[in-house]
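# Chain and residue survey
Residues per chain are reported as follows:
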Amino acid sequence: MEEMKSTVVYKELLILSEKEAKAKRVRFSPNKNVVFGVNETGKSRVVKHILWALGCEVPLRDAGTFDKNVAVALILTFNGIPYAFYRKGKHQIIHDMLIRKNIHSTFSGVEWNKIFSEFFKTELKLQRHDDGEYDYAGPEYMLLSSYIDQDSSWGSKWNSFVHLTQFSNWQSTVFDFVTGAKSPDYLKWKVKYDEKKLYSKELTRQIKSSEMYHNKVQSFIPQKKLEINVDKFNEEIYKITQKIKDTCHKQTTIKNEIYNHSIIRTKLQNDLRMARAAEKETFLDINYLTDIPDGEMLECPTCGIMHKVSIDARVDLTSEFEQLHTFIVETKDKLAKTRDKEALLKENYANSIIEINELNALLERNATDDNVSFRDIVNSKSSDVLTHALQVTTSIIQGEIAKTEEEANEFYSWMKHFDNAAHEREVREKLNLKYQEYCRKLKINATEYAKRISLHRKPITTGSSGPRSVLALHCSIVAVTYENNAFPAFPFIIDTPQQSGQDEKNLSRMLDVSLSMDKWAGQVIIATESIPEQWEKNDANIISLGDNRSLLNNDEYQEILGFLRQILYTI
């Protein structure tokens, strides 16, 4: 490709548990890496936390007794510039290590998706299930093809990450974007077009809903056309309006007073409850000290200090008891008065409701000499007003629909301008051929693997060759992505290709094919629980985790803690 390929290289991973005062630093080679360790030594923890540091939610990342609140920093270079991606819980930071400054910081997953997309130039929007709106596809979608998770990636579904269900029908769009089958410009204009068409449909639904509710309301209004004495009508309306204003003002005042008295009553009740409890405790203390001779030392249950029993202590407790009793009597009196006032206010409020009912009765009286009531007049005028309002609203929405459709047509023109069906067919054919090529390299029988693949589901084979077909699919996507797209070359990460000790005879081949992907991905990181004796590691960097069942240790804690704090407290 003419344009220089953007490259991401993971330099080291730092994991720190303040709860256990332990930490771990894992350094990676820029090309080929094999993280080796038997079961429960933490190799999967390492690769899962690489993805977690980048904002992905990885299944079983903190399973078992592992500290769920660890802090992690992934040191990487992007186009040669070093950054630290820090994460603890929902807090995520990108720290520029050249200028020693945090360039992004957020506690929001939605905002992080936008930050990640803009930082790595992987800006793609997808449609959400819940509200139909479009939002940024975050790291879980962009890193899907370059990560194979031990617990959830070796099957037929794309479920390497937890949040892959938030968008609808995302597979085609994501893989078209990643592999370059569809250009970013095409997908950008397609989102704009889809958003406008979605908005146009919503406006059309609004018109239909308005018509439906208009008809329902009209069905409850007596359809009676009236001619009235306007002067007399206005005079009566004015009188009733003034009474309504006075009554509403009166009701508002009473409501506020009832509310204020309820607050006072609640406070007095709480004060009385606490005072009674304190009085009871003081009474019990006085009785207790009655049987204790003067001069004996007692430990205070509150402060833990030893105090000498004396006549003064008894006098102080008796005085405190009397003060509490006086306070209780006064508070009960205030509470009774408050309740009486509250009852009176509620009675006044009830009277105001009666006044309103009387105003309603006025509306039922005849407003003209023709035996026509105010309600008849209001119904008639309401029908006319509703119909007029519907016509005006519909006209405004129809104008908005026309404008939206015009914009949608413009976006569609741009979308078609960047549509290249021949290129799309070429990329899809490359993907088919690459998949077949890697299936052959992994010694999968030609009768078992598909000759044409669809990425909605993984085209895996049966039996022991199943994991190898998954690996072949990921390898083909990574290779085609590199060849056809300006999409950044993210490291290729494979967790435990030899699932539960199966397919032992093909493990060497799986390791070789995986590590050869550094040609396309730039860097490869494999976590494996075993390495065949006859396997030649060549230039692969073997990261051995030993036999220790705990990934974290005490030795590196202070150094890593100091580094992470520098990031966290950088302004």
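Summary of the structure given here. Note that the coordinates shown come from a computational prediction; the quantities given were computed from them, not determined experimentally.

### Describing the packing of helix α10 (residues 466-484) against helix α11 (residues 507-515)
In the contact formed by α10 and α11, the axes pass within 11 Å of each other and the chain directions differ by 10°. Between α10 and α11, the crossing angle belongs to the class labelled roughly parallel. On α11, the residues touching P467, R468, L471 and C475 of α10 are M510, V513 and S514. Broken down by class, the residue content of the contact of α10 with α11 amounts to five nonpolar, one polar and one charged.

### Some details on the pairing of strand β6 (residues 91-96)
Where burial is concerned, most of β6 is hidden: six out of the six residues are buried. Taken together, the five bridges between β6 and strand β7 (residues 101-106) define a ladder with antiparallel strand orientation. In the sheet register, D96 faces β7, and the bridge partner there is K101. Where β6 folds back on β7, the antiparallel hairpin that results is connected by four residues, among which R100 adopts a positive phi of roughly 55°.

### Brief notes about the sheet that holds strand β1 (residues 8-17)
Taken in spatial order, the six strands make up an open sheet running β2-β1-β4-β5-β6-β7, and their pairing is antiparallel. Looking along the sheet, the strands with just one partner apiece sit at the ends: β2 (22-27) and β7. Averaged over all adjacent pairs, the angle separating strand axes in this sheet is 15°, with direction ignored. Against the sheet, helix α13 (residues 557-568) engages β1, β2, β4 (71-78), β5 (81-88), β6 and β7, with an angle of about 110° to β1.

### As for the side chain of S117
The topology assignment puts S117 in helix α2 (residues 109-120). Overall, the relative accessible area of 0% leaves S117 in the buried class. Separated by 2.7 Å, the side chain of S117 and the backbone oxygen of N113 make a polar contact. Contacts of S117, omitting those with residues within four sequence positions, involve T122, E123, Y136 and A137.

### Points about the packing of aromatic side chains
Considering all chains together, one arrives at 24 aromatic pairs under this definition. Taking 5.1 Å as the distance between ring centres and 65° as the angle between the ring planes, the aromatic pair formed by F120 and F490 counts as edge-to-face. Pair noted here: F120 is in helix α2 and F490 is in the loop between α10 and β13 (492-495), with a separation of 370 residues, a long-range link. Judged by relative accessible area, F120 falls into the buried class, the value being 0%. Seen in terms of ring centroids, F177 and F487 are 6.0 Å apart; in terms of plane orientation they differ by 90°. Their pairing is edge-to-face.

### A look at the packing of helix α4 (residues 171-179) against α10
Two quantities define a packed helix pair, namely the angle between the axes and the distance from one axis to the other. Interaxial distance between α4 and α10 falls to 7 Å at its minimum, and their mutual angle equals 55°. Judged on the interaxial angle alone, α10 and α4 are oblique. Every residue of α10 that contacts α4 at F175, V178 and T179 is listed here: I477, V480, T481 and N484. Split into classes, the residues belonging to the contact of α4 with α10 amount to four nonpolar, three polar and no charged.

Conventions we followed
- Residues numbered from 1 in each chain as written.
- Predicted model: local features only at pLDDT ≥ 70, side-chain atom pairs only at ≥ 80, totals over all residues.
- Heavy atoms only, no water.
- Axes fitted to C-alpha atoms, helices over the stretch in contact; angles between N-to-C directions.
- Helix = DSSP H or I, 4+ residues; strand = E, 2+ residues; numbered from the N terminus.
- Parallel < 35°, antiparallel > 145°, perpendicular 65-115°, else oblique.
- Contact = heavy atoms within 4.5 Å.
- Nonpolar A, V, L, I, M, F, W, Y, C, P; charged D, E, K, R; others polar.
- Buried < 20%, exposed > 50% of the residue type's maximum accessible area, 1.4 Å probe, protein only.
- Pairing = 2+ DSSP bridges.
- Polar contact = N/O pair within 3.5 Å; in protein donor to acceptor, adjacent residues only side chain to side chain.
- Phe/Tyr/Trp six-rings, centres within 6.5 Å; stacked < 30°, edge-to-face > 60°.

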